[in-house]
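# Structural overview for review
These are the residues of each chain, in order.
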2 protein chains.
Amino acid sequence: MRAAVIHGAGDVRVEQVPDPVLSEPTDAIVRVSLTCICGSDLWPYRGMGEDQPSSRIGHEFVGVVEETGSGVSGLRAGDLVVSPFTWSDGECTHCREQLFTSCVNGGLWGSAGSDGAQGEAVRVPHAEGTLVRLPVEHDDASLPALLTLADVLPTGHHAAVSAGVRPGGTATVVGDGAVGLCGVMAARRLGAEQIIVMGRHTARTNLAVELGATHVVPERGDDAVEHVRELTKGAGTHSVLECVGTGDSLRTSLRLARDGGRVGYVGVPQDGEGVDVRELFGRNVGLAGGVCPARAYIPELLPDVLYGKIDPARVFDRETDLDGVPAGYTAMAERESLKVLVRP
Amino acid sequence: MRAAVIHGAGDVRVEQVPDPVLSEPTDAIVRVSLTCICGSDLWPYRGMGEDQPSSRIGHEFVGVVEETGSGVSGLRAGDLVVSPFTWSDGECTHCREQLFTSCVNGGLWGSAGSDGAQGEAVRVPHAEGTLVRLPVEHDDASLPALLTLADVLPTGHHAAVSAGVRPGGTATVVGDGAVGLCGVMAARRLGAEQIIVMGRHTARTNLAVELGATHVVPERGDDAVEHVRELTKGAGTHSVLECVGTGDSLRTSLRLARDGGRVGYVGVPQDGEGVDVRELFGRNVGLAGGVCPARAYIPELLPDVLYGKIDPARVFDRETDLDGVPAGYTAMAERESLKVLVRP
């Protein structure tokens, strides 16, 4: 079969790879119906992080179960499923507390020895603990929206939950990428009254406003802090959703928070510069978040996606097939495209 | 009148100072019945932090209202009151959200131009927003316990709340000082099932066990992390109450947290070494806390103190009069005394 493989910075190729086969009784093989490219795929594409050997890439997919191992009873061939961006056994001490990303048997698509989602098919370890059946037809028009349940929508939601967004509260969303836009949707869905989006890409901030943002702050750093304070009677916002992942962005986020407020961060931290807690202590500003346990949020978010209460498919602004994946990376890296939908 | 004044590291003297007088309509004058020495008083006493000119010191007191300004209607002469360790107007944007420590008109006893609590009387700005009347007689035996509402008890409670202690959860309390012991009481009160106290002062850890700790970990750093993991099936605890205030202690606390857990820190951070969020991201460990808005917690904690459900007076292991204050500092700085009660 064919799949995308990353060989190094800027070098994603679509290649012939071995067909996936069941190797454990808890496995399933899933034919990929839809996948997409994530902002976090761009970190290795940009050569950030440690050097890695060539590996499969992509971690978001909706697909159809083709085959299941002997230990899988809750899924069968023909089921349409969405996979969160990590697999998990559903049974360990962390899974029982809904923190599926810390599963003792868990892993991330595209990590060493695993399949990536940007391909024709995937071997899913711990299929029953991982996959969620979708109650729609295989060609339902909502599939792109449902694909966002794999990562980008729950990640925006995780930022909002971690930042303590509550009805009537105020929120700043730092970042106008796909996660930031999902953060705007999530903040609105959780009842925030004032939602400030920070970004300077006009098409994206316009979309943010359509999705629920009440104000746009194009500045960064000190100027952004000043602008947000102007919009909040000098106080900052109760919640700040950090959806970028740089040290600068995180430090700005902490300053944007109102005293007693909370920053929910979901951008993968790209540098090691620390946070000085002395700046937070006197103001009681908290910090929470991290890698999103998407599997935990899918049951809550699925109905709202299914019934159109939120339309996260709006983050997709380009569509391609598997051959178009390398060009998709280029388009996203150059910020020509917000998020690329892939139909293998 | 007489009051304690700190002139520099190791130099606390009891001196003649001007009697307090009403200077604003919102002031009250309170005659101090009971005060005490706080672990945070030891930071300037040890010469840590910036050099300050001589100033009044002490920030915890129970006392009797002697006189009120024309703008004070809810208090009158003769009322027995407890003061939180900061004053606040009760009306500003932060006070309305119960974050009294961020009051725009607030301040800390002993800061420049204010009275300290370790003296015979205190001018209380914004008396009505600050003081809480106590429904007992002036010589009630519960007064030392009620005095802990000024700071140490709510601060331990703030650590527990910030760390997300919940019924059936697990908690580690880092530090066996008076705040740590109040953290143990608070964690138990909030329903934690396993409460590990970290400390190496046997008399204090024994007291912690009497107050609700289920395990004692005398180690520090790596060894402490290993010991706590042994006690928690390798996972760490859901909540960690950081009650020390050094960078080492904070970093250890973050490592003690279970994945998905939270550190509530209330120890005044004494060094600027940062927290590297990359160590927290993958494990979804959050950080919250800061200077405790004691005023917010007094209404909740008061009944439990009054009716003996918790007995925070156990943190006092020495009693003196005003003349004994300098010796009290020495005893606490040398860890001979846990917390010194002062009857001016």
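Everything quoted here is computed from the prediction, not taken from an experiment.

### Concerning the interface of chain B and chain A
With 38 residues of chain B at the interface, the matching set in chain A holds 38 residues. The contact between chain B and chain A buries some 3,000 Å² in all, and 56% of this surface belongs to carbon and sulfur atoms. The largest contributions to the chain B side of the interface with chain A come from B:V277, B:F281 and B:N284, which together make up 23% of the buried area. Across the contact surface, chain B and chain A share two salt bridges. Between chain B and chain A we count 19 residue pairs in polar contact (both at pLDDT 80 or more) in total.

### Some points on the pattern of salt bridges
Residue and element names in this part refer to chain B. A complete count under the given rule lists 38 salt bridges over all chains for this structure. Notably, a salt bridge pairs D11 with R13, separated by 2.8 Å at the nearest N-O pair. Judged by its relative accessible area of 22%, D11 falls in the partly exposed class. With its nearest N and O atoms 3.3 Å apart, the salt bridge here joins E300 to R189. Here E300, found in helix α10 (residues 294–306), pairs with R189, found in helix α5 (residues 178–189); they are 111 residues apart in sequence, far enough to count as distant.

### Overview of the packing of helix α4 (residues 152–162) of chain A against helix α5 (residues 178–189) of chain A
All names here are of chain A. Interhelical geometry of α4 versus α5 gives an angle of 60° and a closest axis separation of 7 Å. Between α4 and α5, the crossing angle belongs to the class labelled oblique. Pair α4 / α5 crosses with right-handed handedness. Contact residues: V152, L153, T155, G156, H157 and A160 in α4; A178, V179, C182, G183, A186, A187 and R189 in α5. The residue inventory of the contact of α4 with α5, partitioned by class, reads eight nonpolar, four polar and one charged.

### Concerning unusual backbone geometry
The backbone of A:H126 sits at a positive phi, close to 45°, despite the residue not being glycine. Structurally, A:H126 can be placed in the loop between β9 (121–124) and α2 (127–130). Positive phi values are uncommon outside glycine, yet B:K233 reaches one of about 50°. Topologically, B:K233 is positioned in the loop between α7 (221–231) and β14 (237–242).

### Let's talk about the relation of the copies chain B and chain A
A rotation about some axis, followed by a shift along it, carries one copy of the chain onto the other. Laying chain B over chain A is done by rotating through 180° and shifting 0.0 Å along the axis; what remains is an RMSD of 0.0 Å. Put plainly, the chains are arranged around a two-fold axis. In terms of proximity to the rotation axis, the leading residue of chain B is B:G274, whose C-alpha is 2.2 Å off the axis. Both copies present the same face, since 100% of the interface residues in chain B are matched by interface residues at the equivalent positions in chain A.

### Notes on the domain arrangement of chain A
Residue and element names in this part refer to chain A. The domains assigned to chain A are domain 1 (2–151 + 293–342) and domain 2 (153–289). Here the C-alpha centroids of domain 1 and domain 2 sit 27 Å apart. Contact with domain 1, which involves 24 residues of that partner, is made by 21 residues of domain 2. Carbon and sulfur atoms supply 62% of the area that domain 1 and domain 2 bury against each other, a total of about 2,100 Å² over both sides. For the pair domain 1 and domain 2, the interface holds four salt bridges. Where domain 1 meets domain 2, there are 11 residue pairs in polar contact (both at pLDDT 80 or more). By residue class, the composition of the side of domain 1 that touches domain 2 is 14 nonpolar, three polar and seven charged.

### Structural notes on helix α7 (residues 221–231) of chain A
Residues and elements named next belong to chain A. A224, V225, H227 and V228 are the residues of α7 that are buried. Angular distribution of buried residues about the axis of α7 spans 165°; they occupy a single face of the element. Among the exposed residues of α7, those oriented more than 90 degrees off its buried face are D222 and E230. Summarising the contacts, the buried residues of α7 are in contact with β11 (170–174), β12 (194–198), β13 (215–217), β14 (237–242) and α8 (247–256). A positive phi of about 50° marks K233, the residue just after α7.

### Examining the pairing of β11(A)
Residue and element names in this part refer to chain A. With five of five residues buried, β11 lies mostly within the body of the structure. Taken together, the five bridges between β11 and β12 define a ladder with parallel strand orientation. If you follow T170 over to β12, its bridge partner there is Q194. The handedness of the β11 to β12 crossover, carried by α5, is right-handed. Both β11 and β14 contribute to a ladder of four bridges, which runs parallel. Its bridge partner lying in β14, A171 is registered against S239.

### Here we look at helix α8 (residues 247–256) of chain B
Burial of α8(B) is extensive: seven of the 10 residues sit out of reach of the surface. For α8(B), the set of buried residues is B:G247, B:S249, B:L250, B:T252, B:S253, B:L254 and B:L256.

### So, the packing of α4(A) against helix α10 (residues 294–306) of chain A
All names here are of chain A. Between α4 and α10, the shortest axis-to-axis distance is 10 Å and the interhelical angle comes to 105°. Relative to α10, α4 is oriented roughly perpendicular. Of α10, the residues touching α4 (which contributes L153, P154, H157, H158 and V161) are A294, Y297, E300, L301 and V305. Here the residues of the contact of α4 with α10 are counted per class, giving seven nonpolar, two polar and one charged.

### Topic: the sheet that holds strand β4 (residues 55–56) of chain B
Residues and elements named next belong to chain B. The three strands are arranged β2-β1-β4 in an open sheet whose pairing can be described as antiparallel. The sheet terminates laterally at β2 (11–16) and β4, the two strands that pair on one side only. In this structure, strand β1 (residues 2–8) lies alongside β4, joined through two bridges in antiparallel fashion. Across the sheet, residue V5 finds its bridge partner in β4, namely R56. Set on the sheet, helix α11 (residues 325–333) makes contact with β1 and β2; between it and β2 the angle comes to about 165°.

### Focus on the sheet that holds strand β2 (residues 11–16) of chain A
Residues and elements named next belong to chain A. Strands sit in the order β2-β1-β4 across an open sheet of three strands; the sheet is antiparallel. If you trace the sheet from one side to the other, it starts and ends with β2 and β4 (55–56), each paired once. Pairing analysis gives six bridges linking strand β1 (residues 2–8) to β2, with the strands arranged antiparallel. Bridge pairing in β2 links V5 to R13. The strands that helix α11 (residues 325–333) touches are β1 and β2; relative to β2, the one it contacts most, it runs at about 165°.

### Regarding the pairing of strand β6 (residues 80–83) of chain A
Residue and element names in this part refer to chain A. The alternating pattern of β6 places L80 and V82 on one face and V81 and S83 on the opposite face, and all of these are buried. Note that strand β5 (residues 61–68) and β6 share four bridges and pair antiparallel. Within the sheet, the bridge partner assigned to F61 lies in β6 and is S83. Bridge analysis of β6 against strand β10 (residues 132–133) gives two bridges, and the strand direction is antiparallel. Across the sheet, residue V82 finds its bridge partner in β10, namely V132.

Quick notes on the rules
Residues numbered from 1 in each chain as written. Chains lettered and ligands numbered in written order. Predicted model: local features only at pLDDT ≥ 70, side-chain atom pairs only at ≥ 80, totals over all residues. Heavy atoms only, no water. Contact = heavy atoms within 4.5 Å. Buried area = accessible area lost by both parts, 1.4 Å probe. Salt bridge = Lys/Arg side-chain N within 4 Å of Asp/Glu carboxyl O. Polar contact = N/O pair within 3.5 Å; in protein donor to acceptor, adjacent residues only side chain to side chain. Buried < 20%, exposed > 50% of the residue type's maximum accessible area, 1.4 Å probe, protein only. Helix = DSSP H or I, 4+ residues; strand = E, 2+ residues; numbered from the N terminus. Axes fitted to C-alpha atoms, helices over the stretch in contact; angles between N-to-C directions. Parallel < 35°, antiparallel > 145°, perpendicular 65-115°, else oblique. Left-handed = near helix turned anticlockwise from the far one by under 90°. Nonpolar A, V, L, I, M, F, W, Y, C, P; charged D, E, K, R; others polar. Least-squares fit on C-alpha atoms with pLDDT ≥ 70 in both. Domains from an automatic or database assignment. Arc of directions from axis to C-beta. Pairing = 2+ DSSP bridges. Right-handed = clockwise from strand over helix to strand, strands pointing away.

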